[in-house]
Amino acid sequence: MTRRWSIFVPLFAAAMLVALVVSPPSLAQGVDSAMLLHPPADSWPGYHGDYSGQRHSPLTQITPQNVARMGLAWAFQTGQSGQLKCSPLLVDGVLYITVPDNVWAVDARSGHQIWHYRYPANKGFHIGSRGVAMYEHWLYFMTPDAHLVCLNAYDGTVRWNIVIADSQKGYWTTMTPLIVRNHVIAGVSGDFDNLAGFLKSIDPETGETQWRWDSTPPVGTPNATSGGTTWMTGTFDPALNLIYWGTGNPTPVLNGATRPGDDLYTCSIVALNPDTGKLAWAFQPSPHDTHDWDAVETPVLVDGDFKGKPRKMLMQASRNGYFFVLDRTNGEDLLTTTFGPVNWSLGVDQKGRPIPNPDKEPARDGRLIAPDEGGLNNYRSPSFDAKTGLFIVDARPSYGIYFAKPADGTFGWAGADYGVWSTSVLEAIDYQTGKIRWTHDLGPGDSGAGALTTDSGLTFTGDAGGNVLALRTADGKTLWHAGTGGDMQSSPITYELDGRQYIVTSAEGVLFAWALPEATAATLAHDHRSSHGVNSTSGRPR
Amino acid sequence: MTPGLVESGGSLFIQRCAFCHGRDAGGGETGPDLTRSKLVAGDVGGDKILPVVRYGRPEKGMPRFDLPDSDLAALVAFIHDQATKAASQNGGRRGVDVSDLQTGNAEAGKQYFYGAGKCASCHSPTGDLSGIAERFQGLQLERRMLYPEHVKARIVVTLPSGETVSGELAYRDEFTVALRDSSGHYRSWATNQVRYTIDAPAEAHAALLGKYTDADVHNLMAYLQTLR
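Residues numbered from 1 in each chain as written. Chains lettered and ligands numbered in written order. Predicted model: local features only at pLDDT ≥ 70, side-chain atom pairs only at ≥ 80, totals over all residues.

A. Region of interest: the overall build of chain A. For chain A, the helix and strand inventory stands at three helices and 39 strands. The C-alpha radius of gyration computed for chain A amounts to 23 Å, which stays within 12% of the reference 24 Å derived for 542 residues, consistent with globular compactness. Principal axes of the C-alpha set define a box for chain A whose edges measure 75 × 65 × 50 Å. Looking at chain A as a whole, 56% of its 542 residues qualify as buried. A separation of at least 24 residues holds for 58% of the contacts in chain A among residues at least 6 apart in sequence. (Helix = DSSP H or I, 4+ residues; strand = E, 2+ residues; numbered from the N terminus. Rg over C-alpha atoms; globule rule 2.2 N^0.38 Å. Buried ≥ 20, exposed ≤ 12 C-beta atoms within 10 Å, placed from the backbone. Contact = placed C-beta atoms within 7 Å.)

Below, the structure written as structure tokens:
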């Protein structure tokens, strides 16, 4: 006892002293578990906003009736030729955005830069950065050479820098980690080599590995696949204490000969315990994939009725062209349907998984495949609107040709494929039937913008020409648009600060914040407070 | 071309280009094989490659890269070095060779051309397709056959006054249409203020993509390759 106190007291005193010295003078609290479970209106504290992956906001200041008056509040220029592909994070009035090797802290009220962090030059793939994660006042940033860097959110200084995977072997990282309590859950990219995909849980304080889950057996296992990378942020159900994660394609990519069978757990949706990394269940959207169709698209969690029965569901619009509704307690398939042109399967098996047609595997003389390698969906975030029961996804109907021959080998890509044709449409899928209730043409070519819905009945997205769009969620009609002059590669977010709702989108290296005119927003905010009784002490209706 | 330049170009290529074009420039996710590229083959000292890198090809998903001249020179040196290496590989070369695309039946392809494919309603082997196999080979021919993205669409715009303007379709999204008239003049309108009709011949090819069997594609290729 005495000895314990003798250690504890000085430590405690030191901690108090540190707390007094370094505590910020503001009300800033950073991120805690409560905020992640129930993000306040003035925050967007995780990649998807909240843990559900619905990218839906309860905010209602901007409505179908007034959205025509929405305009630019501010723009932030990164000054980089690299495109913004991140989902901005917003905590305590500060936005955090990234491109590979770069993080900015930006004032969410004005759009001016607070600090800019540059990671040292490195030889990793500089293909994209999807943003930072935050725990307390620490940021977690993944790098092209597969490191995880912990930064102080106040000033962008480095706290620690650890290696997640060996970039010399061909790994790289782009994703935003998922924070669950004291776990920083980080995934990897890398299908140019035959490598094992895995997820790691990292201690937010020390950077030590808490657990590691491997998607595939050790590389070199006979007749087994490699691959199954983990490059998109998963979702979390706190009641079931399960995280849901999509895994990438098998390797070799286009040649399946050396990896007979289903190739578990590639192209899969897995449910893991966030404290141990133990697998609870798995569902495989693409058994024995030979077309590079990662199943990493957001696993959206929805509680609601399915055919008259209350269910805890998981929905995914997968890259291979199929839309799935699963029971997320056990992985049982409730609905499997296509949401655009698909020609590679022989139908669906008893577990709800598509059955790949062997005649549609890449071949020497080519196979015409729908969708193409980029897929019918990809990294673009979908959105779920509970009021209408619509799953809204930026889809990309497409055809490609796939080739493979012995000379292409059994390592990495092991073949060649080429896009033939593609177009972009926003689709609103009725999750109970899989029927597409409406589509909105987004133009020829690719739209990189995901979708955001709000409780007022609005959907925000972007088209292939670089227009930001506000649509009516019920029928997909355009209510507002603005040209941004560039390619939109990030999914929209929204927040409310000082009584004003902002929609944040990006194009190329520029971030845009859209809002109603200040006077309009102020009036609406005041009315909103009055009608909700916040000002009711005055007793006077206004 | 110095080894040092090639090496530094290779390092830059890995960081910026390899995801789409492959680490060895032989093709990766979505980006073409540069070692078989006609543009690369026709490039002298960067005259063809550099504009593509500097300005991008946004319509094809190729971003622009704002890089110093020394980096660009290194990239060009690396790409040429990779193309030379790939071309000198004897037999068993990765990627798609002309010889890979010879599995079709020309007679069956001809029947498809005049029959189910309805190709003959727009094309003629003695007209626009005369000698097509002399001008294009292998994968390049097949991709043009499947979707000729270079074919421009035409548009006729009817103004509120009733006047009509026609030309090559220059731009179209939900809100704006634009054309370039025969004198090269660019004109645009808000889509909600005019009526317009677009004639896009390539769309007939897109409509066929969902109807082809792989054998149809191979047979059509065999037939087109007889048109010399």
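Text resumes after the structure shown.
B. Fine view of the overall build of chain B. Scanning chain B from terminus to terminus reveals 10 helices and five strands. Principal-axis analysis of the C-alpha atoms gives chain B an extent of 65 × 45 × 30 Å. Taken across its 228 residues, chain B has 29% of its residues classed as buried. Within chain B, contacts between residues at least 6 apart in sequence are counted, and of these 57% link residues at least 24 apart.

C. Broad picture of helix H8 (residues 138–146) of chain B. Listed in full, the buried residues belonging to H8(B) are B:Leu139, B:Glu142, B:Met145 and B:Leu146. Axial view of H8(B): buried residues confined to an arc of 125 degrees, hence all on one face. On its buried face, H8(B) sits against strand S31 (416–430) of chain A together with helix H9 (202–208) and helix H10 (214–224) of chain B. (Arc of directions from axis to C-beta.)

D. Here's a closer look at the interface of chain A and chain B. The partner chain B presents 41 residues to the 37 residues of chain A that form the contact. Listed by contribution, the elements that provide at least two residues to the side of chain A that touches chain B are strand S27 (367–369), strand S30 (398–403), S31 and strand S36 (478–483) of chain A. For the side of chain A that touches chain B, the class distribution of residues is 14 nonpolar, 13 polar and 10 charged. (Nonpolar A, V, L, I, M, F, W, Y, C, P; charged D, E, K, R; others polar.)

E. Spatial organisation of the sheet that holds strand S6 (residues 113–118) of chain A. Residue and element names in this part refer to chain A. Taken in spatial order, the four strands line up as S3-S4-S5-S6 in an open sheet, and their pairing is antiparallel. Looking at strand neighbours, the two that pair on one side only are strand S3 (89–91) and S6, the edges of this open sheet. Across the sheet, the axes of successive neighbouring strands diverge by a mean angle of 20 degrees, strand direction being ignored. Two strands pair when backbone bridges link them, and S3 and strand S4 (residues 94–99) are joined in this way by three bridges, in the antiparallel orientation. Across the sheet, residue Leu89 finds its bridge partner in S4, namely Tyr96. (Pairing = 2+ DSSP bridges. Axes fitted to C-alpha atoms, helices over the stretch in contact; angles between N-to-C directions.)

F. Representation of the domain arrangement of chain B within the structure. On domain assignment, one finds that chain B holds domain 1 (3–87), domain 2 (99–149 + 204–224) and domain 3 (154–200). Relative to domain 3 of chain B, the C-alpha centre of domain 2 of chain B lies at a distance of 32 Å. (Domains from an automatic or database assignment.)

G. Representation of the environment of A:Asp385 in the model. Residues and elements named next belong to chain A. Inspection of the secondary structure puts Asp385 in strand S28 (residues 383–385). According to the C-beta neighbour criterion, Asp385 is buried, with 22 such atoms within 10 Å. Along the sequence, Asp385 and Gly53 sit 332 residues apart, while their C-alpha atoms lie 11 Å from each other.

H. Structural detail: the pairing of strand S24 (residues 332–338) of chain A. Residue and element names in this part refer to chain A. By the bridge criterion, six bridges tie strand S23 (residues 322–327) to S24 in an arrangement that is antiparallel. Paired with Phe324 across the bridge in S24 is Thr336. A loop of four residues connects S23 with S24, the two strands running antiparallel in sequence, and Gly331 in this loop sits at a positive phi of about 85 degrees.

I. Region of the structure containing the packing of helix H1 (residues 3–16) of chain B against helix H5 (residues 69–87) of chain B. Residue and element names in this part refer to chain B. At a closest axis distance of 7 Å, the pairing of H1 and H5 adopts a crossing angle of 95 degrees. Between H1 and H5, the crossing angle belongs to the class labelled roughly perpendicular. Packed against H1, whose contacting residues are Leu5, Val6, Ser8, Gly9, Gly10, Leu12 and Phe13, the element H5 presents Asp71, Ala73, Ala74, Leu75, Ala77, Phe78 and Asp81 at the interface. Of the residues assigned to the contact of H1 with H5, the class counts are nine nonpolar, three polar and two charged. (Parallel < 35°, antiparallel > 145°, perpendicular 65-115°, else oblique.)

J. Looking closely at the nonpolar core. Among the nonpolar cores identified, the biggest contains 142 residues, and A:Met134, A:Leu139 and A:Phe391 are the most heavily contacted of them. Setting aside residues up to four positions removed in sequence, A:Met134 forms contacts with A:Gly30, A:Val31, A:Pro45, A:Leu89, A:Val91, A:Leu139 and A:Ala153. A:Val420, B:Cys119, B:Met221 and B:Tyr223 belong to the second-largest nonpolar core, a separate cluster that totals 32 residues. (Core = buried A, V, L, I, M, F, W, Y, C linked by C-beta atoms within 7 Å.)

K. View of the sheet that holds strand S37 (residues 493–497) of chain A. Residues and elements named next belong to chain A. A sheet is described by the order of its strands in space; here four strands give the open sequence S2-S39-S38-S37, paired in antiparallel fashion. The strands lining the two open edges of the sheet, one partner per strand, are strand S2 (71–77) and S37. Taking the axes of each pair of neighbouring strands and ignoring which way they run, one obtains an average angle of 25 degrees across the sheet. Relative to strand S39 (residues 510–515), strand S38 (residues 500–507) runs antiparallel, the two being bridged by six bridges.

L. Layout of H10(B). Taken residue by residue, H10(B) has B:Val217, B:His218, B:Asn219, B:Leu220, B:Met221, B:Tyr223 and B:Leu224 as its buried positions. Looking at the buried residues of H10(B), the elements they touch are S27 of chain A together with helix H6 (106–114), helix H7 (132–135) and H8 of chain B.

M. Layout of the packing of H8(B) against H10(B). Residue and element names in this part refer to chain B. Between H8 and H10, the shortest axis-to-axis distance is 11 Å and the interhelical angle comes to 115 degrees. The angle between H8 and H10 falls in the class roughly perpendicular. For the crossing formed where H8 meets H10, the hand is right-handed. Of the residues in H10, those touching H8 at Leu141, Glu142 and Met145 are Leu220, Met221 and Leu224. (Left-handed = near helix turned anticlockwise from the far one by under 90°.)

N. Structural detail: unusual backbone geometry. Residues and elements named next belong to chain A. The omega torsion of the bond from Leu264 to Tyr265 falls at -10 degrees, within 30 degrees of zero and hence cis. Residue Pro371 is bonded to the preceding Ala370 through a cis peptide linkage, with omega at -5 degrees. Inspection of the secondary structure puts Pro371 in the loop between S27 and S28. With phi around 50 degrees, Arg181 is a residue other than glycine that occupies positive phi space. As for its position among the elements, Arg181 is in the loop between strand S11 (178–180) and strand S12 (183–187). On the neighbour-count criterion, Arg181 (14 C-beta atoms within 10 Å) is partly exposed. Unusually for a residue other than glycine, Glu508 sits at a positive phi of about 50 degrees. With respect to the helices, strands and loops of the structure, Glu508 is situated in the loop between S38 and S39. Note on Glu508: 21 C-beta atoms within 10 Å, which makes it buried.

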